[in-house]
Amino acid sequence: MMLATATLTMVPAPAALDEHGTALVACAHRDQECNWSLRADDDGTTCFSCRLTRRRPQADDAAALERLAETSKAQRRLLVGLADLGLPVDPYWRTDGGLAFDLLSSQSGNGPVTIGHAGGVITIDLAESLDAHREQLRVQLGEPYRTMLGHFRHEVGHYYQWQLVERPGGAFLEECRALFGDERASYTDALARHYATGAPAGWQETFISEYATMHPWEDFAETFAHYQHVLDTLGTIAHGGVRIDASALMGTRTQDIMPRTSYADVPMAVALEDWQWVSYELNRANRAMGKGDLYPFSIPPAVGRKLDLVHRIVTASTVPVPLVAPFPGA
Ligand SMILES: [Zn+2]
Ligand SMILES: [Zn+2]
């Protein structure tokens, strides 16, 4: 099976047709565990996700290529989530400042790789896809959650803030500044302050994470990442037909919790109400397996308001077919 990019559905490999009756072929990186497809009449040989990867390890760097295969799974998951939200993904080959991924390893001997976003390009350190390395960093930095998907979702938050909010005349700019703070504040000063003194006391009442307290940009990116965590997980649960019976809710509700595949037509408060119960049950399930909470965060009202603004920004920016864009010539 492989993914048909336009419809985001799984189709049989290799003899599938797209919705226009055009034959689909598997991505040339199928041997690197890519399960996406492209049209047979396309000039290229790799799928939309693989093409968004602008820089990758050298062909003889086997260790880094193994990490690339692992990391690209998270990248594809990110893209499916963005498409489910209806957000446009404008690739770098079509638009100056369009989205691109530089997937490089800090263990390849070419110097450090700093995870970040600049001008549409998201850089990811492939070495972090090694569980032992990433877990060590997580403990060192005192973070409750650190995953490759989390990195992608955070960095793409910077990309969308730049694209959807900070454009001249952006409709949400003032509201964004009022809630998250003025993004024109010095980032260098914020960084120095954060690593010298840490998060301010009582940060839990207004921020989703300690890192979010550093600078308005980081607060937006963290909030945007959690927006994707919440809606993607609720959507996955909904597709599986899972719901929570009202009788399990300790008399607090008379109606069952029925997660939705999309919350685009309702306020964020509806998703957060569902999430409160779904994450509670998922956390209990994780603990039943001897693991930590699946969602080791709590969402205070002030963070709920930030998530609501992100929800309004996203739902005001949707396009009908997000991931289908003209590919570059051969
Ligand atoms: Zn691919
Ligand atoms: Zn960031």
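These numbers come from a predicted model, not from an experiment.

**Student:** Is there a simple way to explain the overall build of the chain in this structure?
**Tutor:** Helix and strand counts for the chain stand at nine helices and eight strands. Against the globule reference of 20 Å for 330 residues, the chain gives a C-alpha radius of gyration of 20 Å, in line with a compact fold. The proportion of buried residues among the 330 residues of the chain is 48%. Contacts in the chain between residues far apart in sequence, at least 24 positions, make up 57% of those at least 6 positions apart. For the chain, the exposed surface amounts to about 16,300 Å²; the carbon and sulfur share of it is 53%. Within the chain, the 41 negative side-chain charges are centred at a point lying 2 Å from the centre of the 28 positive side-chain charges.

**Student:** Please explain the side chain of Arg134 as it appears in this structure.
**Tutor:** Here Arg134 is to be found in helix α3 (residues 131-140). For Arg134, a relative accessible area of 14% corresponds to the buried category. There is a polar contact of 2.9 Å between the side chain of Arg134 and the backbone oxygen of Glu128. The residues contacting Arg134, other than those within four sequence positions of it, are Glu128, Ser129, Arg146, Thr147 and Met148.

**Student:** Would you take a moment to explain the coordination of the zinc ion (ligand 2) for this structure?
**Tutor:** Six octahedral donors around a metal ideally make angles of 90 or 180 degrees; four tetrahedral donors ideally make 109.5 degrees. Protein coordination at the zinc ion (ligand 2) comes from His154 (NE2), His158 (NE2) and Glu218 (OE), with a distance range of 2.0 to 2.1 Å. In terms of primary sequence, the donors binding the zinc ion (ligand 2) are separated according to H-x3-H-x59-E. Highlighted residues: His158 in helix α4 (residues 148-165) and Glu218 in helix α7 (residues 216-239), separated in sequence by 60 residues. Of the two residues, His158 and Glu218, both sit in the buried class.

**Student:** Please explain the sheet that holds strand β7 (residues 116-118) as it appears in this structure.
**Tutor:** Sheets are built from strands paired through backbone hydrogen bonds, the pairs being either parallel or antiparallel. One open sheet accounts for four strands, arranged β5-β6-β8-β7; its pairing is mixed. What marks the edges here is a single partner per strand, and that holds for β5 (53-55) and β7. Within this sheet the neighbouring strands show an average axis-to-axis angle of 30 degrees, counted without direction. As defined by bridge partners, β7 adjoins strand β8 (residues 121-125) across three bridges and the pair is classed as antiparallel. In the sheet register, Ala118 faces β8, and the bridge partner there is Val121. The sheet strands contacting helix α2 (residues 62-85) are β5, β6 (100-104) and β8, and the helix crosses β6 at an angle near 155 degrees. α4 rests against β6, β7 and β8 of the sheet, and its axis sits at about 160 degrees to β8.

**Student:** Explanation requested: the coordination of the zinc ion (ligand 1) in the structure shown.
**Tutor:** Protein coordination of the zinc ion (ligand 1) is provided by Cys27 (SG), Cys34 (SG), Cys47 (SG) and Cys50 (SG), with donor distances spanning 2.3 Å. In this structure, the zinc ion (ligand 1) is coordinated by four donor atoms arranged in tetrahedral fashion, with angles at the metal of 104 to 114 degrees. Spacing between the donor residues of the zinc ion (ligand 1) along their common chain follows C-x6-C-x12-C-x2-C. Remark: Cys47 occurs in the loop between β4 (37-39) and α1 (48-52) and Cys27 occurs in the loop between β3 (24-26) and β4; sequence separation between them is 20 residues. Judged by its relative accessible area of 3%, Cys27 is buried. For Cys47, a relative accessible area of 0% gives the class buried.

**Student:** Explain the domain arrangement of the chain to me, please; I cannot follow it from the model alone.
**Tutor:** How big an interface is tends to be stated in terms of accessible area lost as the parts join. Partitioning the chain into structural domains gives domain 1 (1-46) and domain 2 (165-315). Relative to domain 2, the C-alpha centre of domain 1 lies at a distance of 34 Å.

What counts and how
- Residues numbered from 1 in each chain as written.
- Chains lettered and ligands numbered in written order.
- Predicted model: local features only at pLDDT ≥ 70, side-chain atom pairs only at ≥ 80, totals over all residues.
- Heavy atoms only, no water.
- Helix = DSSP H or I, 4+ residues; strand = E, 2+ residues; numbered from the N terminus.
- Rg over C-alpha atoms; globule rule 2.2 N^0.38 Å.
- Buried < 20%, exposed > 50% of the residue type's maximum accessible area, 1.4 Å probe, protein only.
- Contact = heavy atoms within 4.5 Å.
- Areas by Shrake-Rupley, 256 points an atom, 1.4 Å probe, with all protein chains shown as cover.
- Lys, Arg positive; Asp, Glu negative; His and termini not counted.
- Charge placed at Lys NZ, Arg CZ, Asp CG, Glu CD.
- Polar contact = N/O pair within 3.5 Å; in protein donor to acceptor, adjacent residues only side chain to side chain.
- Donors = N, O, S within 2.8 Å, 3.2 Å for Na, K, Ca; no water.
- Pairing = 2+ DSSP bridges.
- Axes fitted to C-alpha atoms, helices over the stretch in contact; angles between N-to-C directions.
- Tetrahedral: all angles 85-135°; square planar, octahedral: opposite > 155°, others 65-115°.
- Domains from an automatic or database assignment.

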